[in-house]
Amino acid sequence: FILDGICEFAGVVCGPAGHIRTLMLNDQSLRWTIPWEVSLLSFLTFLDLSENSLEGTIPTEIGRLTALSELYVRFNALTGTIPTELGQLTSLKELSVSSNALTGTIPTELGQLTSLELLYVFLNALTGTIPTELGLLTRLTFLHVSYNMLAGTIPEALTDINVRIDGTNITA
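Here we summarise the structure given alongside this text. (Residues numbered from 1 in each chain as written. Predicted model: local features only at pLDDT ≥ 70, side-chain atom pairs only at ≥ 80, totals over all residues. Heavy atoms only, no water.)

### A closer look at the nonpolar core
The cut-off we apply is this: We define a nonpolar core as any set of buried Ala, Val, Leu, Ile, Met, Phe, Trp, Tyr and Cys residues linked to one another through side-chain atoms lying within 4.5 Å. Three exposure classes are used, based on accessible area relative to the maximum for each residue type with a 1.4 Å probe and protein chains only: buried under 20%, partly exposed in between, and exposed over 50%. Whether two residues are in contact is decided by their heavy atoms, any of which lying within 4.5 Å being enough.
With 46 residues, the main nonpolar core has Leu-71 and Leu-143 as its most contacted residues. If near-sequence neighbours (up to four positions away) are discounted, Leu-143 is found in contact with Leu-119, Ile-130, Leu-134, Leu-158, Ile-161, Asn-162, Val-163 and Arg-164.

Quick look at the structure:
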C-alpha cells in the first residue's frame, strides 16, 4: 500500500520501495478511532499510537499486520476487549495496550506470539486470570498486568520472568 508523498510526513518511515514500515504517531493529540484500514499497511513493522485520545476499539484487522514487531496503543481511551486476532502477529516482540479502558480477559491467543519479549496490559479493567498459554512464550522477559481486576496465581511457566501484579488479586 503506497500513498504518494506519505513518506515525507513526520512519524512515517518508508522502505526503499516506498512501503510504509513505521508509523510513530504517539503524543500527537489525535482524537479519533483507529481505522481498520491501518491493516492495509502490510509492510508495517512498527506502530505507535500511544499517548493520544484515541477512542473506540482496537480493530480486529490489526491481526493482519504479520510483519509487525512492535505495537503500542497505550495511554489512550480505548474500550472493548483485546482482540484475539493479535495472536496472529507472530513477529511481535513488544505489545503495550496499557492505560486504556479495556475489558474482558487476556486472550489465550497471545500465547501464539512466540517472538514476544515484553507484554504490557496494566491499568485497564481486565478480568479473569493470567492465561497459562503465556507460559509458551519462551522469549517473554517482562509481563506487566498491574491494576486490573485479575485474580488467581502466576502460571508456573512464568515464575522465572519479571511479572508485575500490583493492584490485582493475583498471588505469586
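What follows continues from the structure just given.
### With respect to the sheet that holds strand β11 (residues 169-171)
Stated formally: Paired strands, in this sense, are two strands between which DSSP finds at least two bridges. We count a stretch as a helix when DSSP gives it H or I for four or more residues in a row; a strand needs E for two or more, and each element gets its number in order from the N terminus.
Across the sheet, 3 strands lie side by side as β7-β9-β11; this open sheet has parallel pairing. Each of the sheet's edge strands pairs with one partner strand only, and the pair in question is β7 (127-128) and β11. As paired elements, strand β9 (residues 149-153) and β11 share 3 bridges and run parallel to each other. What sits directly across from Ala-151, in β11, is Asn-169.

### Topic: unusual backbone geometry
One non-glycine residue, Ser-29, lies in positive phi territory at about 60 degrees. Among the structural elements, Ser-29 can be located in the loop between β2 (20-24) and β3 (46-48). Positioned with a positive phi, Ser-99 is a non-glycine residue whose angle comes to about 55 degrees. Inspection of the secondary structure puts Ser-99 in the loop between β5 (94-96) and β6 (118-120). Look at Ser-99 and you get buried, because its relative accessible area is 18%.

### Describing the packing of aromatic side chains
Heads up, the rule is: Aromatic pairs are defined between Phe, Tyr and Trp rings, using the six-membered ring for Trp, whenever the two ring centres lie within 6.5 Å; interplanar angles under 30 degrees are classed as stacked, those over 60 as edge-to-face, and all others as tilted.
Applying the stated criterion across every chain, the model contains 4 aromatic pairs. Centroid distance Phe-46 to Tyr-72: 5.7 Å. Interplanar angle 55 degrees. Geometry classified as tilted. Highlighted residues: Phe-46 in strand β3 and Tyr-72 in strand β4 (residues 70-72), separated in sequence by 26 residues. When its relative accessible area of 17% is taken as the criterion, Phe-46 is described as buried. A relative accessible area of 7% places Tyr-72 in the buried class. With a centroid separation of 6.4 Å and an interplanar angle of 70 degrees, the aromatic rings of Phe-75 and Phe-122 are classed as edge-to-face.

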